[in-house]
Amino acid sequence: MHSIFLGPLGLSIDYALIWGALMLAWAGCFVFSRRADSPKTCYQFASNAVFGAFAIGFFFARLGFIVGQWSYFYGDVLAMLDVRDGGFSVGSGLVAAALYVSYSIHRHPVIRSTLLWTGVATSVVMLPLYVVVSLSLRSASMPVPMVGSLEGSPVNLSDFKDKPLVINFWATWCPPCRREMPAMARAQRDNPDIHIVLINQSESPAQVRAFLAEQGLELNNMLMDVTGDVSREFGVAVLPTTLFYSRDGKLIYRHVGGVSDASLAKAIRILQAESTP
């Protein structure tokens with residue numbers, strides 16, 4: 001399972017872990033600040049440092065991604081602000097957050113012990129959880145079920161294992177899916193060394209053809225999961241979800257939510273790097 005549900009909201013496991021770490025750190029500030037000479041003041045400064053680090057980290061993670069993918073963003077401010085593509089540089093965000101925490105401790109030394117113990121407690125809980133989730137997702141072998149083509153003939157996904165493979169699960173009723181289809185078409189055109197397969201969820205071939213005609217899109221490897229069984233085999237619960245597999249069926253990367261040209265290009269580079277002998 002690549003995502004979880006919070007009521008009607010579907011959330012990537014990675015994002016759920018980040019929010020969980022934030023809430024745990026917030027709780028840690030409350031618990032460990034009680035040992036200070038002035039608990040209320042210490043808690044206020046410490047919690048401000050935690051939430052400030054989260055905000056600063058978020059901003060610089062996005063900025064680092066934009067800088068790294070500058071050719072896709074040049075002159076397009078709206079694309080820079082559109083974080084729905086999930087494009088972030090984790091390293092940039094962590095460095096910025098750490099620097100902000102250091103600055104906060106320098107400014108308010110009283111929070112040093114509180115933030116130290118909060119960081120230790122949060123790491124002890126969240127890091128093993130993150131490792132377990134990541135290993136469990138990457139260790140599973142890629143399913144190779146039979147899927148119907150847009151023309152109605154059966155297709156075995158094992159036929160695509162001669163190259164690295166990208167599988168996108170989508171539907172025409174899903175706004176992020178519709179938004180990312182042009183990027184998928186361009187990626188197919190620009191990356192002949194990988195297979196990009198699109199599996200429509202629980203719709204009819206007529207609906208898919210009408211959508212492609214309406215949007216003026218030409219997409220190869222369009223497959224149909226009419227019953228939804230294929231998405232369940234892959235553990236996909238949220239649309240769109242895009243999975244990146246090496247030639248030997250190893251899950252290299254997963255992206256829950258819509259992609260842009262920039263975020264898709266970055267993920268494909270990760271896949272190609274991991275697939276190089």
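In this text, all values refer to a predicted model and were calculated from it rather than measured experimentally.

Asks: In this structure, what is going on with the pattern of salt bridges? I would like to understand it.
Replies: Oppositely charged side chains can pair when the atoms bearing their charge come close. Tallying each qualifying case throughout the model produces seven salt bridges. Residue Asp 82 pairs with Arg 84 through a salt bridge whose shortest N-O separation is 2.7 Å. Residue class for Asp 82 comes out partly exposed when judged on its relative accessible area of 24%. With its nearest N and O atoms 3.6 Å apart, the salt bridge here joins Glu 214 to Arg 178.

Asks: Help me out: how do you make sense of the environment of Phe 30 in this one?
Replies: Positionally, Phe 30 belongs in helix H1 (residues 13–32). Overall, Phe 30 belongs to the partly exposed group, its relative accessible area being 46%. Residues Phe 30 and Phe 88, spaced 58 residues apart in sequence, show a C-alpha to C-alpha distance of 29 Å.

Asks: Help me understand the state of the cysteines in this model?
Replies: By definition, a disulfide is the covalent link that joins the sulfur atoms of two cysteine residues. As enumerated under the stated definition, the model contains one disulfide in all. A sulfur-sulfur distance of 2.5 Å marks the disulfide that ties Cys 174 to Cys 177. A torsion of 75 degrees about the S-S bond marks the disulfide between Cys 174 and Cys 177 as right-handed. Among the residues examined, Cys 177 registers a relative accessible area of 0% and is labelled buried. Cys 29 carries a free sulfur, and the closest cysteine sulfur to it, the one in Cys 42, is 8.1 Å from it.

Asks: Teacher, can you tell me more about the environment of Ala 98 here?
Replies: Mapped onto the elements of the fold, Ala 98 is located in helix H5 (residues 90–107). Considered as a pair, Ala 98 and Phe 32 are 66 residues apart in the sequence and their alpha carbons are 19 Å apart.

Asks: Can you help me understand the packing of H1 against helix H2 (residues 39–68) in this one?
Replies: The description of two helices packed together rests on the angle between their axes and the distance between the axes. In the contact formed by H1 and H2, the axes pass within 8 Å of each other and the chain directions differ by 165 degrees. On the basis of their axis angle, the class for H1 and H2 is roughly antiparallel. Viewed along their axes, H1 and H2 form a crossing whose handedness is right-handed. Contacts between H1 and H2 pair Ile 18, Trp 19, Leu 22, Met 23, Ala 25, Trp 26, Cys 29 and Phe 30 from the former with Tyr 43, Ala 46, Ser 47, Val 50, Phe 51 and Phe 54 from the latter. Residues that form the contact of H1 with H2 fall into these classes: 13 nonpolar, one polar and no charged.

Asks: Would you explain the side chain of Ser 33 in this entry?
Replies: Positionally, Ser 33 belongs in the loop between H1 and H2. Given a relative accessible area of 2%, Ser 33 falls into the buried group. Setting aside its immediate chain neighbours within four residues, Ser 33 contacts Gly 28, Pro 39, Cys 42, Tyr 43 and Thr 114.

Rules of the game
- Residues numbered from 1 in each chain as written.
- Predicted model: local features only at pLDDT ≥ 70, side-chain atom pairs only at ≥ 80, totals over all residues.
- Heavy atoms only, no water.
- Salt bridge = Lys/Arg side-chain N within 4 Å of Asp/Glu carboxyl O.
- Buried < 20%, exposed > 50% of the residue type's maximum accessible area, 1.4 Å probe, protein only.
- Helix = DSSP H or I, 4+ residues; strand = E, 2+ residues; numbered from the N terminus.
- Disulfide = S-S within 2.5 Å.
- Axes fitted to C-alpha atoms, helices over the stretch in contact; angles between N-to-C directions.
- Parallel < 35°, antiparallel > 145°, perpendicular 65-115°, else oblique.
- Left-handed = near helix turned anticlockwise from the far one by under 90°.
- Contact = heavy atoms within 4.5 Å.
- Nonpolar A, V, L, I, M, F, W, Y, C, P; charged D, E, K, R; others polar.

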